[in-house]
Amino acid sequence: MRAIWKGAVSFGLVSIGVKVYSATEEKDIRFHQVHREDGGRIRYKRTCSVCGEEVTYDDIAKGYDIGGGEMVILTDEDFAELPLTTSHAIDVLEFVPAEQVDPILYNKAYFLEPEGSATKPYVLLRDALADSERVAIVKVALRQREQLATLRVREGVLLLNTMLWPDEVRQPDFGFLDEDLKVRPPELAMASSLIDSMAGEFEPDAFTDDYRAALQEVIDAKVEGREVVQPEEEEAAPAAAVDLMAALKASVDRARAARGEAPEGGAGEPTPISAARSAQKAAKATKAPAKKKAPAKKAPAKKAAEKKAEPAKKTAAKKAAAKKAPAKKAAEKKAAPRKTA
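For clarity, every value in this text was computed on a predicted model and none was experimentally measured.

Okay, the overall build of the protein chain next. Within the protein chain one finds seven helices and nine strands. Here the protein chain, with 341 residues, has 17% of them falling under the buried criterion. Taking contacts inside the protein chain between residues at least 6 apart in sequence as the whole, the part at least 24 apart equals 58%. Per element, the accessible surface of the protein chain, about 28400 Å² overall, is 55% carbon and sulfur.

See below:
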């Protein structure tokens, strides 16, 4: 890791030299914009919209648009004169219970490493902070911006979490907040039962980024010149249920079945969905007219008669052939010529 900032943690009259490192990194797969025809990289030039000339980084300043086409230009010297008293210090302001800090305020996380001979006071602050079960509220200036942050202990290291300022958090403004919606106690109880059936201990390593893995497989397949492996299709989400209680009960039973547990209320107790299906089947059976008995087929009797007739025909044919045989032999004898002496 490479340190992105150096400074000191001011803890009362104690100053602790530290190096700051980014504690997180995004694992997103990044792409370049290229020309579809030949794969050439697409480059962007920094050009001035007024004169049209290409501008180098040294000639770029920050401008604040005040409207009406007017711009206030600020240079590096203007920023250098700003009263950033905490530019190279992390000032501890107070210690508060961790649960009092709304997680929505957290922004980015950084590791703090002791620098030089600051290891002893660093460990002192770390252990005292861990024993207090509180987090330190601090102010720090990173990248020319003063930020509110917290200091807490994670795996034996001081962790700096920068925070948003309260006026940077938007207030929700949705129409349903003004509606008078009533939740029935049975519905709330069933929802609580669903939460209990899906309760567990959070283990971050048990979850993976399936999209990134599939995308990496596509890239690897193209590199190796083989066929792309299609990921398995996920089960489609169920349509919105009209009966909220039935949907909650079915969700509870499915969660219990996934854990190898019996459905709520025992295996024999029908769920609202199964009871409704059984009632529909019973109604169909009651309304369905009795089927008429099909008339007996005559084809088998006809075939039986044909089978009986076949032996009789064969016997008559044999007798006729036997009668014709002597007559045929006699005729042959008469027709044969006599031998002369």
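Attention shifts here to the pairing of strand β5 (residues 89–97). Two strands pair when backbone bridges link them, and strand β1 (residues 5–11) and β5 are joined in this way by three bridges, in the parallel orientation. The residue bridging Ala8 from the neighbouring strand is Ala89, located in β5. The sheet contact formed by β5 and strand β7 (residues 134–141) spans six bridges and is antiparallel. The residue of β7 that forms the bridge with Asp91 is Lys139.

Taken together, seven strands build a closed barrel; the order of strands is β1-β2-β6-β9-β8-β7-β5 and the barrel is mixed. In this sheet, adjacent strand axes meet at a mean angle of 40° when their direction is disregarded. Its contacts with the sheet put helix α2 (residues 119–132) on β1, β2 (14–22), β5, β6 (106–114), β7, β8 (146–154) and β9 (157–163), and the angle it makes with β9 is roughly 70°.

A few words on the side chain of Thr150. With respect to the helices, strands and loops of the structure, Thr150 is situated in strand β8. Residue Thr150 is classed as buried on the basis of its relative accessible area, which comes to 0%. For Thr150, the contacting residues outside a window of four places in its chain are Tyr106, Ala136, Ile137, Val138, Leu159, Leu160, Asn161 and Met163.

With a phi close to 55°, Glu133 is a non-glycine residue in the positive phi region. In this structure, Glu133 sits in the loop between α2 and β7. Located in the positive-phi region is Glu155, a residue other than glycine, with phi close to 55°. Structurally, the position occupied by Glu155 is in the loop between β8 and β9.

Bringing the confidence of the model for the protein chain into the picture now. Predicted confidence across the protein chain gives a mean pLDDT of 77, with 70% of residues reaching 70 or more. Helix α7 (residues 299–335) is the least confidently modelled element of the protein chain, averaging 50 in pLDDT, while β9 averages 95, the highest of any element. The model gives residues 267–276 a pLDDT under 50, and that stretch makes eight contacts with residues more than four places away or in other chains. Per-residue pLDDT stays below 50 along residues 287–305; that stretch engages in zero contacts with residues further than four places along the chain or on separate chains.

Our next topic: helix α4 (residues 210–224). Compared with the 21 Å implied by 1.5 Å per residue over 15 residues, the 21 Å span of α4 between its first and last C-alpha is a close match. Two residues or fewer after α4 comes Gly225, characterised by a positive phi angle close to 70°.

Next up on the list: the nonpolar core. Core analysis: the biggest nonpolar cluster contains 21 residues, and Val9, Ile90, Leu112, Val138, Leu151 and Leu160 have the highest contact counts within it. When contributions to this core are tallied by element, the ones reaching two or more residues are β1, β2, β5, β6, α2, β7, β8 and β9. Ignoring anything within four residues of it in the chain, the contact list for Val9 reads Val14, Ser15, Ile16, Val18, Ile90, Val92, Leu112, Leu125 and Leu151. One finds Val101, Leu105, Met163 and Val169 within the second-largest nonpolar core, a separate group that totals eight residues.

What counts, and at which threshold
Each chain has its residues counted from 1, running along the sequence as written. At least 70 in pLDDT is required for a residue's local features to be given in this predicted model, at least 80 for side-chain atom pairs to be given and counted, and no such filter applies to totals for whole chains, interfaces and linings, which use all residues. Working from all heavy atoms in the structure, the side-chain values ignore hydrogens and water. Each helix corresponds to a stretch of at least 4 residues labelled H or I by DSSP, and each strand to a stretch of at least 2 residues labelled E; elements are numbered beginning at the N terminus. Summary of the burial criterion: residues with accessible area below 20% of their type's maximum are buried, those above 50% are exposed, and those between are partly exposed, where the area comes from a 1.4 Å probe applied to protein chains only. Throughout, a contact is declared for two residues whenever any of their heavy atoms are within 4.5 Å. Per-residue accessibility takes into account occlusion by the displayed protein chains alone, with areas from the Shrake-Rupley method and a 1.4 Å probe. A pair of strands is treated as paired once DSSP finds two or more bridges between them. Helix axes are fitted to C-alpha atoms over the stretch in contact, other axes to C-alpha atoms as well, and angles between N-to-C directions run from 0 to 180 degrees. You can read pLDDT as the predictor saying how much it trusts each residue, on a scale of 0 to 100. Given a helix with a known number of residues, its expected span is that number minus one, times 1.5 Å. Residues grouped as a nonpolar core are buried Ala, Val, Leu, Ile, Met, Phe, Trp, Tyr and Cys residues, joined through side-chain atoms within 4.5 Å.

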